[in-house]
Amino acid sequence: MTIWNVFNLMGGLALFIFGMNLMSDGLKLAAGSYLKNILEKLTKNRFIAVVVGAGMTALIQSSNAMCVMVVGFVGAGMMELERSVGILMGAKIGTTITGQLIAFNISEIAPVIAFVGVVIIMAFKKPSLKNAGQIIASLGVLFIGLGMMSSAMKPLANAVWFQDILAGLSNPILGMLVGCIFTVIIQSASASVGVLQMMMLNSVIGFDQAFYIMLGMNIGASVAPALASIGGRKDAKRVALIVVLFESIGMILFTVVTQVFPDLLNFMTSTSPDNPSRQIANANTIFNVVTVLVLLPCSKYLVKLSKFIIRGDDGEEDGNTLLFIDMSGYQTGTVLLGQIDSEVGRMHQLASTNLEAATRVFYDREIITTEQFKKNESNLDYLNKEITNALTQTSTLNLMPAEATHAGHLYHIVSDFERIGDHAENMLGYAQAMKEGKNKFTGKALKDLKQLSISVYNIFDLACEYFYTPDAETYQVIYDMEEDIDEMVAKMRNSNIKRINKQKCGATEGLYFTEILVDLERIADHSMNIAKSVKKFPVNKREEVVAE
């Protein structure tokens, strides 16, 4: 084997991995946010979850991407840990489709396939057609890489030094270790098995050795989800652990069974006597399907075991922290956007809590301490900055048009949440100043303040609900509510002036009341802004709302 064979092998591997990643990206772009919606809605039944996981993984051609996505969804609180197990198992079945595809070995026509894909990419501007062109071109590149690897490996079949190395791999444990390390390095079980298939096709390695290396490759594939869970919530780490447990139990099971019943290896080779590449692809499929059949009935015990190993719950929200966004691990646009949505939900809750706390203290009671209020406000400021940074990161992650639009909308509402928190802080400051000065509002002022506050609570919550599920009727309701609040504020302002003139309240109380009216009116304006950020429906009225 010459140095040129080595270079061709390296180049072929590079093209193969590049083609596979490019095809995965193209398929994910074509599938778009449907992946997220399907995973969220069709995973209540564990058997259906397996089918969904297998189908989605076959679609995007990457079990790593699917497992990482599930880690992100669970970490963001968008999916329950128990519901993730079926998807993870299905993903392992779906990823075997790549090996079956490789076994067709269409390297001879691969350049034509790549050419057709590039022509489609260059000839059409429609995103869906460009995605289709990318998938076709990447498929061609993938098989060109396989062809180069196949040619480069042929001399290895007769190389004495390489045969000596393979002799050392006759030990199953050593073979599994080599397969695991190789997959950890190239970060793709499909690519690793593809290389193994080319070695089988060129008689470089025997089936028995290849089988145990393949088992190790499946173990190596669990590294990506583990990396994705670093720094995440405990449930996200449990997802990664379940992937490791699944692969480890399957590896132990097949190692023991094949050692006790060696004829099982002969059965696998008999599934495709004339195609060694198909033999290892079938073995990979059999390994994953059988492991799923064995472990699926025990899925709840896998969850319990993961909770036993990784104990405890995530701490309460204390201090300036991100609970859902995790930038330390592997990331996809869909997952990161889901995590951002969860953090935005936190902002909504924090702003809502402080809004009620700052107003109820006037007409009802204190619902949280001043210290907790300040922590909430500090968190709002922190989340505004960090979520904005995370949204900036999404622009580098190939979002679908709808996802990119949603990210743009989120840019606007996080600043609205932060400003609502500021207005709540203003009102709490007035309450504390009044308490120190022993100032009190009249009964009529308190009644007006309560009525206006409740209206503001309602418009804020409805606007946040509308942001995620917009419809024309709800938008009109929000718009009408905002106008009603403006009218209420105008009337209450006039009533306040009359009270001052009739000396029913002092000038200081009147000034504080006026300032509170301004803050509540501004919060209603920001709520209207939240709705307007995703507005799709025309309203035949004046809609200019300016919030400061």
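Every residue gets a number counted from 1 within its own chain, in the order that chain's sequence is written. pLDDT decides what is reported in this predicted model: residues at 70 or higher carry local features, side-chain atom pairs at 80 or more are listed and counted, and totals for whole chains, interfaces and linings draw on all residues regardless. Side-chain measures here rest on the full set of heavy atoms in the structure, leaving out hydrogens and waters.

Draft legend 1. Focus on the packing of helix α19 (residues 370-394) against helix α20 (residues 401-437). Angular values range over 0 to 180 degrees, each being the angle between N-to-C directions of two axes fitted as lines to C-alpha atoms, with helices fitted over their stretch in contact. Secondary structure follows DSSP: runs of H or I at least 4 residues long count as helices, runs of E at least 2 residues long count as strands, and numbering of each begins at the N terminus. Contact pair α19 / α20: the axes reach a minimum separation of 10 Å and the direction vectors enclose 165 degrees. Taken together, α19 and α20 sit at an angle that is classed as roughly antiparallel. Once α19 is placed against α20, the crossing between them reads as left-handed. Lys, Arg, Asp and Glu make up the charged group, whereas Ala, Val, Leu, Ile, Met, Phe, Trp, Tyr, Cys and Pro make up the nonpolar group; the residues left over, Gly among them, are polar. Among the residues making up the contact of α19 with α20, the classes are represented as 11 nonpolar, eight polar and five charged. Angles are sorted into four bins: roughly parallel if under 35 degrees, roughly antiparallel if over 145, roughly perpendicular if 65 to 115, and oblique for all others. Working rule for handedness: look at the near helix, and if it is turned counterclockwise from the far one by less than a right angle, call the crossing left-handed; if clockwise, right-handed.

Draft legend 2. Region of the structure containing the packing of helix α5 (residues 81-94) against helix α17 (residues 299-309). In contact at an axis separation of 10 Å, α5 and α17 are set at 115 degrees when each is read in the N-to-C sense. α5 and α17 meet at a crossing whose hand is right-handed. Contacts between α5 and α17 involve Leu81, Glu82, Val85 and Met89 from the former and Ser299, Leu302, Val303, Ser306 and Lys307 from the latter. In terms of residue class, the contact of α5 with α17 is built from five nonpolar, two polar and two charged. Throughout, a residue-residue contact means that at least one pair of heavy atoms, one from each residue, lies within 4.5 Å.

Draft legend 3. View of the pattern of salt bridges. By convention in these notes, a salt bridge is any Lys or Arg side-chain nitrogen within 4 Å of a carboxyl oxygen on Asp or Glu. Going through the model one piece at a time under the given rule, you end up with 10 salt bridges. The salt bridge partner of Arg238 is Asp235, with a shortest N-O separation of 2.7 Å. In this pair, Arg238 and Asp235 are both assigned in helix α14 (residues 234-260), three residues apart and thus about one turn of the helix distant. Linking Glu386 and Lys385 is a salt bridge whose minimum nitrogen-to-oxygen distance equals 4.0 Å.

Draft legend 4. How the structure looks around empty space enclosed by the protein. Site definitions follow a grid-based scheme: protein atoms alone, a 1 Å grid, a 1.4 Å probe that fits but cannot get out for cavities, and for pockets an open set with protein on both sides within 12 Å along at least five of seven lines, plus lining residues having an atom within 4 Å of a point. Grid points are joined across faces, edges and corners, and a volume is the space filled by probe spheres set on the points. Counting across every chain of the model gives two cavities of 30 Å³ or more. Contributing to the lining of the largest cavity are Ala357, Val361, Glu366, Ile368, Thr369, Thr370, Phe373 and Leu428. Elements that contribute at least two residues to the lining of the largest cavity include exactly α18 (333-363) and α19. Residues belonging to the lining of the largest cavity are distributed by class as follows: five nonpolar, two polar and one charged. Quantified by volume, the second largest cavity comes out at close to 40 Å³.

Draft legend 5. The arrangement of a nonpolar patch on the surface in detail. Like-charged residues within 9 Å of one another, or nonpolar side chains (Val, Leu, Ile, Met, Phe, Trp, Tyr) within 5 Å, are grouped into patches, provided each residue has over 30% relative accessible area and no salt bridge. In these tables, accessible area is a Shrake-Rupley quantity obtained with a 1.4 Å probe, and a residue counts as shielded only by the protein chains included in the view. Together, Ile252, Leu253, Val256, Val257, Val260, Phe261, Val290 and Val294 make up a nonpolar patch on the protein surface, roughly 640 Å² of accessible area in all. In this structure, Val294 sits in helix α16 (residues 276-295). Any residue under 20% of the maximum accessible area for its type is buried, any over 50% is exposed, and the rest in between are partly exposed; the area is computed with a 1.4 Å probe on protein chains only. The partly exposed category is assigned to Val294, whose relative accessible area is 40%.

Draft legend 6. Representation of the side chain of Asn376 in the model. On the secondary structure map, Asn376 appears in helix α19. Of the polar contacts made by the side chain of Asn376, one reaches the side chain of Asn354; its length is 3.0 Å. Contact partners of Asn376, with chain neighbours within four places excluded, come to Leu350, Thr353, Asn354 and Ile368. For the purposes of these results, a polar contact is taken to be a pair of N or O atoms within 3.5 Å, where, inside protein, one atom must be able to donate a hydrogen and its partner to accept one; residues adjacent in sequence count only when each atom of the pair is a side-chain atom.

Draft legend 7. Spatial organisation of unusual backbone geometry. Phi is positive for Ser203, which is not a glycine, with a value near 55 degrees. Within the secondary structure, Ser203 is located in the loop between α11 (189-201) and α12 (207-220). Residues other than glycine seldom take positive phi values, yet Gln503 does so here, at roughly 60 degrees. Its location among the elements puts Gln503 in the loop between α22 (472-501) and α23 (507-532).

Draft legend 8. How the structure looks around the packing of aromatic side chains. Ring geometry is summarised as follows: Phe, Tyr and Trp rings, the Trp one being its six-membered ring, pair when their centres sit within 6.5 Å, and such pairs are stacked at plane angles under 30 degrees, edge-to-face over 60 and tilted between the two. The final tally for this structure, using the stated rule, is 10 aromatic pairs. Measuring from centroid to centroid gives 5.7 Å for Phe362 and Phe441, while their planes differ by 35 degrees, and the two rings are tilted. Remark: Phe441 occurs in the loop between α20 and α21 (443-468) and Phe362 occurs in helix α18; sequence separation between them is 79 residues. Here Tyr466 and Tyr475 contribute two aromatic rings whose centre-to-centre distance is 5.7 Å and whose plane-to-plane angle is 50 degrees, an arrangement assigned as tilted. A relative accessible area of 0% places Tyr475 in the buried class. One aromatic cluster in this structure is built from Phe207, Phe211, Tyr212, Phe254 and Phe287. Charge over a ring is defined by NZ of Lys or CZ of Arg lying within 6 Å of the ring centre and within 35 degrees of the ring normal. Of note, Arg311 hangs over the ring of Phe308, and the distance from its end group to the ring centre comes to 4.2 Å. Looking at Arg499, its charged tip hangs above the ring of Phe513, at a distance of 5.1 Å from the centre.

Keep in mind these numbers describe shape, not what the thing actually does.
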